[in-house]
Amino acid sequence: MTLKDLRQQVCEANRALEPSGLVRLTWGNVSGIDRSSGLWAIKPSGVDYLELKPADIVVLDLEGQVIEGSLRPSSDTKTHLVLYREFPEIGGITHTHSLHATMFAQAGRELPCYGTTHADHFHGTVPLVRALTPAEVSQDYEHFTGVAIVERLRELKLSPLEMPAVLQLHHAPFTFGKSAMDSLKNSIALEMCAHMALGSASLHPTIGSIPGHILEKHHLRKHGPDAYYGQK
Ligand SMILES: O=C(CO)[C@@H](O)[C@H](O)COP(=O)(O)O
């Protein structure tokens, strides 16, 4: 993949944030990585999505050094960097403050799997990630946000492609994918699942999560050896 292609893909994914209803103002960012070169790209901080152009997208290496780009990279750059370094299987990361998923994050609630929509994207309950300690906040907020996410997924023995979403307490969701656009689609699915979960729980407070056999069937249809969904 050329740097031009990488910037184009990441620009398109960031420009899709607002029309997808996931962001207000600039409360979100998408990045993507080209694993063959080890270079990755993220939106510049605070830039209006509708004005975003591929040339604005900032390119970095896995040491966090800016390789191309004149604008300041997203304020969440160090979080994305930790995740790309720890999880070689991910190709894209999306972070937003989408309304309903952020309600779960702020309330310190994991997102149970109530139905197959959720099961198609996330292999069970979307986990909560701990809040940062005062020392972590003062030392390097964005870096330790990434560290806390890695800790939680490792503790649960979950691959970020099997469970391509987490909810950080007092903050908001992060989603992952095989590409920038794939991670964005997982953010769209997460927001929809969070919204539906609030409705389902209010309609039937004791309904409980999806039965395991249905969860596994849907997970395998998307992620199993004979995956069906989304295959050409
Ligand atoms: O999480 C946060 C702020 O809490 C960030 O996602 C900002 O909302 C977006 O920052 P930039 O990407 O524009 O620097």
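Residues numbered from 1 in each chain as written. Predicted model: local features only at pLDDT ≥ 70, side-chain atom pairs only at ≥ 80, totals over all residues. Heavy atoms only, no water.

Explanation requested: the packing of aromatic side chains in the structure shown.
Here a ring pair, both rings aromatic, is described through the centre-centre distance and the interplanar angle of the planes. Applying the stated criterion to the full structure yields one aromatic pair. For the ring pair Trp 40 and Tyr 84, a centre distance of 5.3 Å and an interplane angle of 55 degrees mean the geometry is tilted. Note that Trp 40 is positioned in strand 2 (residues 39-42) and Tyr 84 in helix 2 (residues 77-86), a separation of 44 residues in sequence. Each of the two residues, Trp 40 as well as Tyr 84, counts as buried. (Phe/Tyr/Trp six-rings, centres within 6.5 Å; stacked < 30°, edge-to-face > 60°. Helix = DSSP H or I, 4+ residues; strand = E, 2+ residues; numbered from the N terminus. Buried < 20%, exposed > 50% of the residue type's maximum accessible area, 1.4 Å probe, protein only.)

Any chance you could explain unusual backbone geometry here in plain terms?
Backbone phi values are negative for most residues with the exception of glycine, while trans is the configuration of most peptide bonds. Its identity is not glycine, yet Leu 25 carries a phi of approximately 50 degrees, on the positive side. Relative to the assigned elements, Leu 25 resides in the loop between helix 1 (3-15) and strand 1 (28-34). Note on Leu 25: relative accessible area 61%, which makes it exposed. At Lys 157, a residue that is not glycine, the phi angle is positive and equals roughly 55 degrees. Lys 157 sits in the exposed class, given a relative accessible area of 73%.

Sorry if this is basic, but what is going on with the UniProt feature "domain: Class II aldolase/adducin N-terminal" (unreviewed entry) in the protein here?
Under the feature "domain: Class II aldolase/adducin N-terminal" (unreviewed entry), the UniProt entry names residues 8-198. Helix makes up 39% of residues 8-198 and strand makes up 17%, while its end C-alpha atoms are separated by 36 Å. (UniProt positions renumbered as here; feature names shortened; annotations may be inferred.)

So what exactly am I meant to see when it comes to the packing of helix 1 against helix 6 (residues 180-203) here?
To characterise two packed helices, one gives the angle between the axes of the helices and the distance between these axes. Packing of helix 1 against helix 6 brings their axes to within 9 Å, and their N-to-C directions diverge by 15 degrees. Accordingly, the angle class assigned to the pair helix 1 and helix 6 is roughly parallel. The element helix 1 and its partner helix 6 pack so that their crossing is right-handed. Every residue of helix 6 that contacts helix 1 at Gln 9, Val 10, Glu 12 and Ala 13 is listed here: Ala 180, Met 181 and Leu 184. Per-class residue counts for the contact of helix 1 with helix 6 are five nonpolar, one polar and one charged. (Axes fitted to C-alpha atoms, helices over the stretch in contact; angles between N-to-C directions. Parallel < 35°, antiparallel > 145°, perpendicular 65-115°, else oblique. Left-handed = near helix turned anticlockwise from the far one by under 90°. Contact = heavy atoms within 4.5 Å. Nonpolar A, V, L, I, M, F, W, Y, C, P; charged D, E, K, R; others polar.)

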